[in-house]
Amino acid sequence: MDELKKHYRTCNLCEAMCGIEITYRDKEIKSIKGDPKDPLSEGHICPKAIALQDIYNDPDRLKTPLRKKETGEWEEISWDVAYEEISTKIKSIQKEFGVNAVGSYLGNPNAHNFGNGVFLPLYLKALGTNNRYSSASADQLPHHFASNFMFGHGLIMPIPDIDRTDFMLIIGGNPMVSNGSMMTAPNFSKRMKRIQERGGKIVVVDPRRTETARKSNEHIFIRPERDALLLLGLIKTIQEKGLVNLRHLRESLFDFEKLDEITKDFSLEKIASIIGISVDKIESLATEFVSAPSAVCYSRMGASTQLFGGLCQWLTNVLNIISGNFDRAGGAMFTQPAFDVLKITNKKGKLESYGRYRSRVRNLPYYNSEFPVSTLADEILTEGDGQIKAMICIAGNPVLSSPNGERLASALSKLDFMVSVDIYLNETSRHADIILPVATGLEIPHFDIFFNIFSVKNTVKYSPPLFEKRLDQKYDWEILRKFISILTDQPESQLTPEYVLDNMLQSGIHSDKGLNLEMLKQHPHGIDLGALQPCLVNRLQTNDDKIRLAPQILVDDLARLKSTFFSNKSLSNEFPFQMIGRRLLRSHNTWMHNSYRLVKGKNECTMILNPRDAEALQIQNGDIVKVTSKVGSIEIETQLSDEIMEGVVSIPQGWGHGRKGVKMKVAQEHPGISINELTDHERIDELTGNAALNGVGVRVESLVSLD
Ligand SMILES: Nc1nc2c(c(=O)[nH]1)N[C@H]1C(S)=C(S)[C@@H](COP(=O)(O)OP(=O)(O)OC[C@H]3O[C@@H](n4cnc5c(=O)[nH]c(N)nc54)[C@H](O)[C@@H]3O)O[C@H]1N2
Ligand SMILES: Nc1nc2c(c(=O)[nH]1)N[C@H]1C(S)=C(S)[C@@H](COP(=O)(O)OP(=O)(O)OC[C@H]3O[C@@H](n4cnc5c(=O)[nH]c(N)nc54)[C@H](O)[C@@H]3O)O[C@H]1N2
Ligand code: SF4
Ligand SMILES: [Mo]
């Protein structure tokens, strides 16, 4: 019998980049544990990483390309046949209806896949379509938007230096569960405890007393989508009390004099009356923030997937800047990743164009080289010149992840042709004509191109695959490389992700440390490149190396905030509750519910409702209730708790595996319902185009009283 061996790698499931230690013999995994020698995660692991073995062993994983027959059944085909058919169909559709008739959707795992990071830009160029969509517009687009207009590039992101801060204000994020997003912070709970142990403080602003709120020093309830007003209140207090303290940033601001313009129309009294947080509280929070030795405001999903996501992300940056907590230890800082994407996408002084194109049906802006996913179904369903006739969906499950997913499902079923590159036959790939199966997780080499950009510490690590991919699966990037060759009628290139990585390391910011691929291979636990460093001047991409504090496009959007909240428009009587989303520790977006160890036990796909609301509606804990929004209706189990504000309900995201035609046995036995049957595709942050998934108006009815 072979001896037990150890393998070290980075878990690539979420943004936290935890180092893991896998003990295995042959193809059998004995244990998966946190790697204490990983300089970033220091031994942390969550239950999802243990399930990496389930993904490897999953009998439902696709192993061969599949083609849908006229009867709707699937048949196995060879790669050659699959490529040939994709080539013929895509080319003929583009020839007849134009390049834009083929749409592209890219899902979240692309960002966690080293090879895709390298090949996707080349693939998209070869495909040539403007009809590009991705999960980014149901997620973090407002962050990129604010960075683009303030710092000159969508990918230079201010990251909270949580390992040194003395005060952290968290708005609409739940890192105790998510382990951070746009803030790679494995073992957030330990990092948070350290802030408290050194006398620091954490304040959480959230409509729900979340897992993070419970461990923080203070939790402040806020009704959904009022965060931009709270931020304006904090900024205004700092201004009016003469507490603006730019510290070293004075020379780095282009338009500091415009600060007054930002808050002039917003009085603290008015703000307080709308957000339900007193003037005193706003003032004391602002004062605490500026007087802490160092402080950082971090706002995430709850403050980006909402009607004013762009404003929230901008004002978060403004707060950090005017309190002198920017580009400074303990504040918001830029990272210096060993693989520096800026080097390849650098266009100093040239902003990402906004609204270069407008979407055909709803006239929505093209931004970040894509249209909002909220309008994808419109572009498929609406006939006429420019209609999408075919889709290529790579590592995405928009039927469950995008607003009004049911409408998108119905749109996908009407396409002339669809390809999915996926590991499963699931809610989205069932609509495809051809599904291409790929290696993932333990079967792929890993290097984090993107999440090192968002990490609270500079580290670098390469993980080789633990297991060989199965002979009939391919790496995603192999498929992309082949697509490029097909679409450009050129011989397939021999470029590999490793080649690109090696070059980038050797020419990157840390090349003086002798970094190259071989060196990373010698350091399986990763290499510590140190704490975040002030590096504003090197990272800013504006033409004059100055920060734009008040970009006009963002200042102008304040009028929309005002008109929404100053007009005494109350919530509609028809939909009196506001629905928000929830992430669960043992669940990852839409695709990890086929691991029995993650779904066993009590049903977690429940709607949290405040007991006082429940009483008024005569609903008991555990009742199945009917929830209705403008676009759909679901039935779900209730969980009563005063952790949620009155008038707000919380439903987890990522479920809904009860649909026909899915081949994921465990997930189908634990289907849950999809929150995105209720979210409204017409509800977006009009500025950035991001989906407003939080704050959706719903009605809750007891099924008993409906009988
Ligand atoms: N209401 C609501 N909706 C939300 C959210 C919310 O909070 N509330 N969250 C949003 C967010 S933050 C995100 S990121 C999106 C996610 O939206 P999506 O990216 O559309 O959804 P995922 O669940 O990540 O889907 C991943 C797909 O990739 C497949 N897959 C997994 N690994 C691989 C791989 O290595 N290669 C390939 N080719 N395929 C793979 C899976 O089987 C699955 O089909 O959802 C968004 N939707
Ligand atoms: N376990 C687990 N971890 C994950 C994921 C997962 O699915 N499961 N997904 C990963 C992905 S793709 C992402 S993008 C990240 C997301 O990471 P986070 O942003 O930390 O995760 P969420 O749980 O979506 O946190 C959003 C918070 O905003 C609150 N909220 C909702 N609406 C509002 C509002 O209007 N205002 C305020 N102030 N708060 C509001 C919600 O109650 C919730 O606590 O998590 C990543 N990590
Ligand atoms: S927190 Fe994320 S990266 Fe860390 S072990 Fe869990 S899933 Fe993997
Ligand atoms: Mo996400």
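Read on for a plain summary of the structure. Quantities reported herein were computed from a predicted structural model and do not represent experimental measurements.

Considerations on the site of ligand 3
- Surrounding ligand 3, one finds Cys11, Leu13, Cys14, Ala16, Met17, Cys18, Cys46, Lys48, Ala49 and Asn179.
- Counted by class, the shell around ligand 3 contains eight nonpolar, one polar and one charged residues.

Some thoughts on helix H9 (residues 227-240)
- Over its 14 residues, H9 extends 20 Å from the first C-alpha to the last, a length consistent with the 20 Å expected when each residue adds 1.5 Å.
- With respect to burial, H9 is a largely interior element, 13 of its 14 residues being buried.
- Looking one or two places after H9, you find Gly242, whose phi comes out positive at around 65°.

A short note on the site of ligand 1
- Every one of the 30 residues lining ligand 1 counts as a neighbour, but Asn108, Ser401, Asp422, Thr440 and Thr590 are closest to it.
- Within the contact set of ligand 1, a nitrogen atom lies 3.1 Å away from a backbone nitrogen or oxygen of Val421.
- For ligand 1, whose accessible area on its own is 920 Å², the fraction buried by protein is 97%.
- Counting only elements with at least two residues in the shell around ligand 1, the list comes to helix H16 (398-401) and strand E15 (417-422).
- Partitioned by chemical class, the residues of the shell around ligand 1 number 13 nonpolar, 13 polar and four charged.
- In this structure, the shell around ligand 1 is formed jointly by two domains, domain 2 (66-139 + 342-530) and domain 4 (568-702), each of which donates at least three residues.

Describing the sheet that holds strand E9 (residues 167-171)
- If you trace the four strands from one edge of the open sheet to the other, you get E11-E10-E9-E12, paired in parallel fashion. Taken across any chain shown, the strands that pair with only one partner, and hence form the sheet edges, are strand E11 (218-220) and strand E12 (296-299). In this sheet, adjacent strand axes meet at a mean angle of 15° when their direction is disregarded.
- Relative to E11, strand E10 (residues 201-205) is paired through three bridges, and the arrangement is parallel. Bridge assignment links Val203 to a residue of E11, and that residue is Glu218.

Remarks on the sheet that holds strand E5 (residues 74-76)
- Taken together, the seven strands give an open sheet; going across it, the order is E5-E4-E16-E15-E14-E6-E7, and neighbouring strands pair in mixed fashion. Here the strands that pair on one side only, and so sit at the sheet edges, are E5 and strand E7 (132-134). Averaged over neighbouring strand pairs, the angle between their axes works out to 20° when direction is ignored.
- Against the sheet, helix H3 (residues 79-97) contacts strand E4 (66-68), strand E6 (102-106), strand E14 (390-394), E15 and strand E16 (434-437), and its axis sits at roughly 130° relative to E16.

Considering the nonpolar core
- Counting residues in hydrophobic clusters, the biggest one holds 174 residues, and the most contacted among them are Tyr123, Met168, Leu169, Trp314, Leu436, Phe483 and Leu561.
- Not counting chain neighbours up to four residues away, the residues in contact with Leu169 comprise Val203, Val205, Leu234, Leu285, Phe289, Val296, Cys297, Tyr298 and Leu319.
- Phe371, Val373, Ile388 and Leu412 belong to the second-largest nonpolar core, a separate cluster that totals 26 residues.

Calculation rules
Residues numbered from 1 in each chain as written. Chains lettered and ligands numbered in written order. Predicted model: local features only at pLDDT ≥ 70, side-chain atom pairs only at ≥ 80, totals over all residues. Heavy atoms only, no water. Near = heavy atom within 4 Å. Nonpolar A, V, L, I, M, F, W, Y, C, P; charged D, E, K, R; others polar. Helix = DSSP H or I, 4+ residues; strand = E, 2+ residues; numbered from the N terminus. Expected span 1.5 Å × (residues − 1). Buried < 20%, exposed > 50% of the residue type's maximum accessible area, 1.4 Å probe, protein only. Polar contact = N/O pair within 3.5 Å; in protein donor to acceptor, adjacent residues only side chain to side chain. Areas by Shrake-Rupley, 256 points an atom, 1.4 Å probe, with all protein chains shown as cover. Domains from an automatic or database assignment. Pairing = 2+ DSSP bridges. Axes fitted to C-alpha atoms, helices over the stretch in contact; angles between N-to-C directions. Contact = heavy atoms within 4.5 Å. Core = buried A, V, L, I, M, F, W, Y, C linked by side-chain atoms within 4.5 Å.

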